[in-house]
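# Topology and contacts: notes
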Amino acid sequence: MEYTFKNVTSMSFAWPIEPFRVEVAVPMWVIIGYTVLVPTLSLLPSVGPFNEKRVLQIGLLLTVGAVLLASSRARCRWLTEVRRLPSLARWGLSLVLVGGLLSSLRAPATFYAFLEASHFLLLFATAGIVAAAVRRAPRQTEQKILGAVALSAVLYAVFFSVGYGMHLTYEEIRLWPEGGTNYVNIRNFNHYQTWTLPLLGGVLLAIPQRWKAARGGVFGLVALWWALVFASNVRGTIVAMGVAAVGVGLLFRQHAKPWLLVQAVGLLAGLGLYYLLFLTEGSGPPVVERFSEGGQYSKRLQLWWTSLEMAWASPWLGAGPMHFAWPPYRFATAGSPHNAFLQWLAEWGVPSTGIMSGLAVWGGWRWMDQERRASEAASAASNGVRVALVASVLAAGAHAMVSGLLVAPISQIFLVLVGGWAWGRYQYEREARSETSTMTHVTLCILFVSGMAVVGSGLKDLSNVDERRDALLEAVDRHRFSPRYWGQGFLHVRDPSVIKQAHQRKGTTVESR
């Protein structure tokens, strides 16, 4: 695949190429390791699928923070990436951080508000590390990212195949996804698919034509991914891929055709594979019935309406980070509104939402327009990667408007990986100043130490997981949990006064399953 990225780095983007330095290599390998292993393997089965992915994510974030604290060179490279941002963007991000801290101070569950604000700070720091790696060694970094995505999909394909074989051998083992997915909810797996399905198309187009076996294997992964989309009866991923296909088609025109063709043929092959694996002998997957219950859309609208009510009550600073999961606001059926925009609006306030939305739309368009212009002079292979990256961003953005992508641990890591990759590819008109003051380093270290301390302290919740689960089940008339930061996401459910407020609050209803 080496020649694929040679074109990427030699066209209109004059990227410097140098080998990984240790201060960038360590966090990058940790991120890649998480991307490859955690979607499939259960490394901490005792804490449950959702919680183990969160615990490992916290370990990743603390590792990145430790590297940035220990290495002045790593901080300089991270600061260089931030300094490259337009001053308006830097001021906007600073205001969002200050607003989040003020919102956390006035929130009812102050620790958990600071926990989410600190978590997002470390996610941003990790994205900056990815951007620095891409800018300094674009060919190596992109090979590693695409290789990690492909290997991650291979591991899950093996996991699925073993489970399917056991289902055929032993009658008591149920068909996927009822037979086990390594996810607390199939929708979390669909988030993973939304990020990776577009990128798998880019991997296939990046492989040389003469490597027929490798190309056939990756196409098999694309087809399997589509088959599992149909088997899980998901709408969000299908809509997201539709948005991505339309978006890259309008943006790249003829340069998007190879990627669109791969996805179209993969979809058709996936339909055939779905019929072969799941619908033969008249046995459809039970998940179809479970996730097709009536009232699904009305419940989603109720969640969104609750977000608007929270934003109306606290328009400037919001209810506080993570406070959609504060029981007195409403014991909803979920710990988040399943909409990234409305979640930020309810919890961080109108000004912060306006800044973040403006930066995302403006920055995203500037980057995608630059990719479009670069595609005119690039090779078909490099354009395949380019289109796949843009498609992954568009698909995830669309899916985040109808699901909890901003909440799930694996999805957050892919946000860091893909977002940092896009950030590192963007070429600024002016280079940033290389010198940084001692005060800047001191301030940054204080922020990282504080964020790491709060995020690390969040691990204490693992000691009372069972108690919090039991307390929730006693407080509500349903038998499923509502993930947010942890698998049971509602805050302070063991505090009788909080539960009393939740039930006494005007308009609050205890919803049945």
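It should be emphasised that the depicted structure is a prediction, and the values quoted were computed from it without experimental measurement.

## Topic: the overall build of the chain
Of the regular secondary structure elements, the chain holds 20 helices and zero strands. The C-alpha atoms of the chain give 23 Å as radius of gyration, which agrees with the globular expectation for 513 residues (24 Å, within 12%). With respect to the principal axes defined by its C-alpha atoms, the chain has extents near 70 × 65 × 40 Å. Taken across its 513 residues, the chain has 54% of its residues classed as buried. Restricting the contact set of the chain to residue pairs at least 6 apart, pairs at least 24 apart contribute 82%. Accessible area of the chain: about 21,600 Å², with a carbon and sulfur share of 64%.

## Topic: the pattern of salt bridges
Evaluated as defined, the whole model comprises 12 salt bridges. Measuring nitrogen to oxygen at the nearest pair gives 3.0 Å for the salt bridge that ties Glu-142 to Arg-425. Of this pair, Glu-142 sits in helix 7 (residues 138–169) while Arg-425 is found in helix 17 (residues 409–425), placing the two residues 283 residues apart along the sequence. Grouping residues by exposure puts Glu-142 and Arg-425 together as buried.

## Observations concerning the environment of Tyr-329
Looking at the element boundaries, Tyr-329 is found in the loop between helix 13 (296–313) and helix 14 (340–348). Judged by relative accessible area, which is 24%, Tyr-329 ranks as partly exposed. Excluding residues within four positions of it along the chain, Tyr-329 makes contact with Pro-108, Met-310, Ala-319, His-323 and Arg-505.

## Overview of a nonpolar patch on the surface
Judged by side-chain polarity, Leu-151, Val-154, Val-158, Val-162, Met-166 and Tyr-170 come together as a nonpolar surface patch covering roughly 510 Å² of accessible area. Judged by relative accessible area, Val-158 falls into the partly exposed class, the value being 46%.

## Topic: the confidence of the model for the chain
Here the chain averages 89 in pLDDT, while 90% of its residues score no lower than 70. Element-level pLDDT for the chain is lowest in helix 1 (residues 2–10), with a mean of 38, against a maximum mean of 98 in helix 14. Segment residues 506–513 is flagged for pLDDT under 50; beyond a separation of four residues in sequence, or across chains, it makes 22 contacts in the model.

## Some words on the nonpolar core
With 132 residues, the main nonpolar core has Trp-78, Trp-176, Trp-225, Leu-228 and Phe-278 as its most contacted residues. Dropping the residues within four chain positions of it, Trp-225 is found in contact with Ala-153, Tyr-156, Tyr-192, Gln-193, Thr-196, Leu-197 and Leu-200. Counting seven residues, the second largest nonpolar core, distinct from the first, contains Leu-303, Met-310, Ala-334 and Ala-346.

## Looking at the state of the cysteines
Taken as a whole, this structure holds zero disulfides when the rule is applied. For Cys-76, which is in no disulfide, the shortest distance to another cysteine sulfur is to Cys-445 and amounts to 10 Å. We classify Cys-76 as partly exposed; its relative accessible area is 26%.

## Quick look at the environment of Leu-406
Looking at the secondary structure, you find Leu-406 in the loop between helix 16 (380–399) and helix 17. The buried category is assigned to Leu-406, whose relative accessible area is 18%. Distance in space between the C-alpha atoms of Leu-406 and Trp-344 is 9.7 Å, their sequence separation being 62 residues. Leaving out residues up to four positions away in the same chain, Leu-406 has contacts with Phe-120, Ala-340, Gln-343, Trp-344, Gln-412 and Leu-415.

## Considerations on helix 19 (residues 465–475)
Residues of helix 19 that are buried: Val-465, Arg-468, Ala-471, Leu-472 and Ala-475. All buried residues of helix 19 project into a common sector of 130° when viewed along the axis, lining one side. Looking at the buried side of helix 19, the elements it contacts are helix 3 (49–70) and helix 20 (496–504).

## Examining the side chain of His-255
One can find His-255 in the loop between helix 10 (236–252) and helix 11 (257–279). The exposure class of His-255 is buried, given its relative accessible area of 19%. Discounting chain neighbours no more than four positions away, the residues touching His-255 are Ser-375, Glu-376, Asn-383 and Val-387.

## Examining the packing of helix 6 (residues 110–136) against helix 14
Contact pair helix 6 / helix 14: the axes reach a minimum separation of 13 Å and the direction vectors enclose 130°. In this view, helix 6 runs oblique relative to helix 14, as classed from their interaxial angle. Handedness of the crossing formed by helix 6 with helix 14: left-handed. For the pair helix 6 and helix 14, contact is made by Glu-116, Ala-117 and Phe-120 and by Gln-343, Trp-344, Glu-347 and Trp-348, respectively. A breakdown of the residues in the contact of helix 6 with helix 14 according to their chemical character gives four nonpolar, one polar and two charged.

## Things to note about unusual backbone geometry
Between Trp-176 and Pro-177 the backbone carries a cis peptide bond, its omega angle lying at 5°. Positive phi, normally seen in glycine, also occurs at Met-322, with a value near 70°. Locating Met-322 in the fold gives a position in the loop between helix 13 and helix 14.

## Observations concerning the side chain of His-191
Note on placement: His-191 falls in helix 8 (residues 186–206). Relative accessible area serves as the criterion here: at 3%, His-191 is assigned to the buried category. Ignoring anything within four residues of it in the chain, the contact list for His-191 reads His-399, Ser-403, Gly-404, Leu-405, Ala-408 and Ser-411.

What counts and how
Residues numbered from 1 in each chain as written. Predicted model: local features only at pLDDT ≥ 70, side-chain atom pairs only at ≥ 80, totals over all residues. Heavy atoms only, no water. Helix = DSSP H or I, 4+ residues; strand = E, 2+ residues; numbered from the N terminus. Rg over C-alpha atoms; globule rule 2.2 N^0.38 Å. Buried < 20%, exposed > 50% of the residue type's maximum accessible area, 1.4 Å probe, protein only. Contact = heavy atoms within 4.5 Å. Areas by Shrake-Rupley, 256 points an atom, 1.4 Å probe, with all protein chains shown as cover. Salt bridge = Lys/Arg side-chain N within 4 Å of Asp/Glu carboxyl O. Patch = residues over 30% accessible without salt bridge, like charges linked within 9 Å, V, L, I, M, F, W, Y side chains within 5 Å. pLDDT = per-residue confidence, 0-100. Core = buried A, V, L, I, M, F, W, Y, C linked by side-chain atoms within 4.5 Å. Disulfide = S-S within 2.5 Å. Arc of directions from axis to C-beta. Axes fitted to C-alpha atoms, helices over the stretch in contact; angles between N-to-C directions. Parallel < 35°, antiparallel > 145°, perpendicular 65-115°, else oblique. Left-handed = near helix turned anticlockwise from the far one by under 90°. Nonpolar A, V, L, I, M, F, W, Y, C, P; charged D, E, K, R; others polar.

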